[in-house]
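# Remarks on the overall topology
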Amino acid sequence: MYKRIAGANSRDEFEQLQVELIDRFGLLPEPAKNLFRIGELRVTANELGIHKIELGQAGGYIDFRHDTKVEPMTIIKLLQSDPQTFAMEGATRLKVKAQLDNTQDRIKLVQSLFNSLTQAS
């Protein structure tokens, strides 16, 4: 089952696996839900051309691939709209400065960021 979760590469596959697990075992515990959320974020990150996301309690960074589908102007607007939270570190790394105490806060920030990046792309 873990290989199926790790190998899923679309939102539909994640949804089907989640339904199957709920059908077999009942409601999923929070860590299992987080696993699915993170998997779905990986799919979205790959679609956007994001290489790596590293976030901890004090923030972190997001590395874009050189062939990212995110328009540079979208990133510039993000930087201008919230310079206290976001800054560029080199040409492909977006630095995130935020207090993210738990996994839920990190997931919400990444989902919100992805929504911002995809709206204009």
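Our structure's up above, just so we're on the same page.
Parameters at a glance
Residues numbered from 1 in each chain as written. Predicted model: local features only at pLDDT ≥ 70, side-chain atom pairs only at ≥ 80, totals over all residues. Heavy atoms only, no water. Core = buried A, V, L, I, M, F, W, Y, C linked by side-chain atoms within 4.5 Å. Buried < 20%, exposed > 50% of the residue type's maximum accessible area, 1.4 Å probe, protein only. Helix = DSSP H or I, 4+ residues; strand = E, 2+ residues; numbered from the N terminus. Contact = heavy atoms within 4.5 Å. Salt bridge = Lys/Arg side-chain N within 4 Å of Asp/Glu carboxyl O. Pairing = 2+ DSSP bridges. Axes fitted to C-alpha atoms, helices over the stretch in contact; angles between N-to-C directions. Parallel < 35°, antiparallel > 145°, perpendicular 65-115°, else oblique. Nonpolar A, V, L, I, M, F, W, Y, C, P; charged D, E, K, R; others polar. Polar contact = N/O pair within 3.5 Å; in protein donor to acceptor, adjacent residues only side chain to side chain. Phe/Tyr/Trp six-rings, centres within 6.5 Å; stacked < 30°, edge-to-face > 60°. Lys NZ or Arg CZ within 6 Å of the ring centre and 35° of its normal.

### Observations concerning the nonpolar core
Of all hydrophobic cores here, the largest spans 21 residues; its most connected members are Ile50, Phe64 and Leu94. When residues of this core are traced back to their parent elements, those giving at least two are α3 (30–48), β1 (50–56), β2 (59–64), α4 (72–81), β4 (93–96) and α5 (103–120). Sorting elements by how many residues they give to this core places α5 first, with 6 residues. Not counting residues within four places of it along the chain, the set of residues in contact with isoleucine 50 comprises Ala45, Ile62, Asp63, Phe64, Arg65, Phe114 and Leu117. Leu21, Ala32, Phe36 and Val43 belong to the second-largest nonpolar core, a separate cluster that totals 7 residues.

### Description of the pattern of salt bridges
Applying the stated criterion to the full structure yields 5 salt bridges. Between arginine 93 and aspartate 63 there is a salt bridge, with the nearest N and O atoms lying 2.7 Å from each other. Here the residue arginine 93 occupies a position in strand β4, and aspartate 63 occupies one in strand β2, the gap between them amounting to 30 residues. On the basis of relative accessibility, which here comes to 25%, the residue arginine 93 falls in the partly exposed class. A salt bridge links glutamate 89 to arginine 93; the shortest N-O distance between them is 3.9 Å. Take glutamate 89: its relative accessible area is 41%, and that puts it in the partly exposed class.

### Observations concerning the pairing of strand β3 (residues 86–89)
Both β3 and β4 contribute to a ladder of 4 bridges, which runs antiparallel. Bridging across to β4, alanine 87 finds its partner in lysine 95. Following β3, the chain reverses through 3 residues before pairing antiparallel with β4; glycine 90 in that reversal takes a positive phi of roughly 85°.

### Some remarks on the packing of helix α2 (residues 11–25) against α3
A pair of packed helices is characterised by two quantities: the angle between their axes and the separation of those axes. Two elements in contact, α2 and α3, have axes separated by 10 Å at closest approach and are oriented at 170°. For the element pair α2 / α3, the angle class is roughly antiparallel. Taken together, the residues of α3 that come into contact with α2 (itself represented by Arg11, Phe14, Leu17, Gln18 and Leu21) are Phe36, Gly39, Glu40, Val43, Thr44 and Glu47. Grouping the amino acids of the contact of α2 with α3 by side-chain chemistry returns 5 nonpolar, 3 polar and 3 charged.

### Focus: the pairing of β4
Taking every second residue as pointing to the same face, the buried face of β4 carries Leu94 and Val96, while none of Arg93 and Lys95 on the other face is buried. Inspection of the sheet shows β2 paired to β4 by 4 bridges, in the antiparallel sense. Following the sheet pairing, isoleucine 62 is matched in β4 by leucine 94.

### A few points about the side chain of aspartate 63
Taking the relative accessible area as the measure of exposure, aspartate 63 reaches 12% and is therefore buried. Polar side-chain contacts of aspartate 63 include one of 2.7 Å to the side chain of arginine 93. Aspartate 63 has contacts with Ile50, His51, Lys52, Thr92 and Arg93, leaving out every residue within four places of it along the chain.

### What to know about the packing of aromatic side chains
Applying the stated criterion across every chain yields a total of 0 aromatic pairs. The positively charged end of arginine 93 is found above the aromatic ring belonging to tyrosine 61, 3.6 Å away from the centroid.

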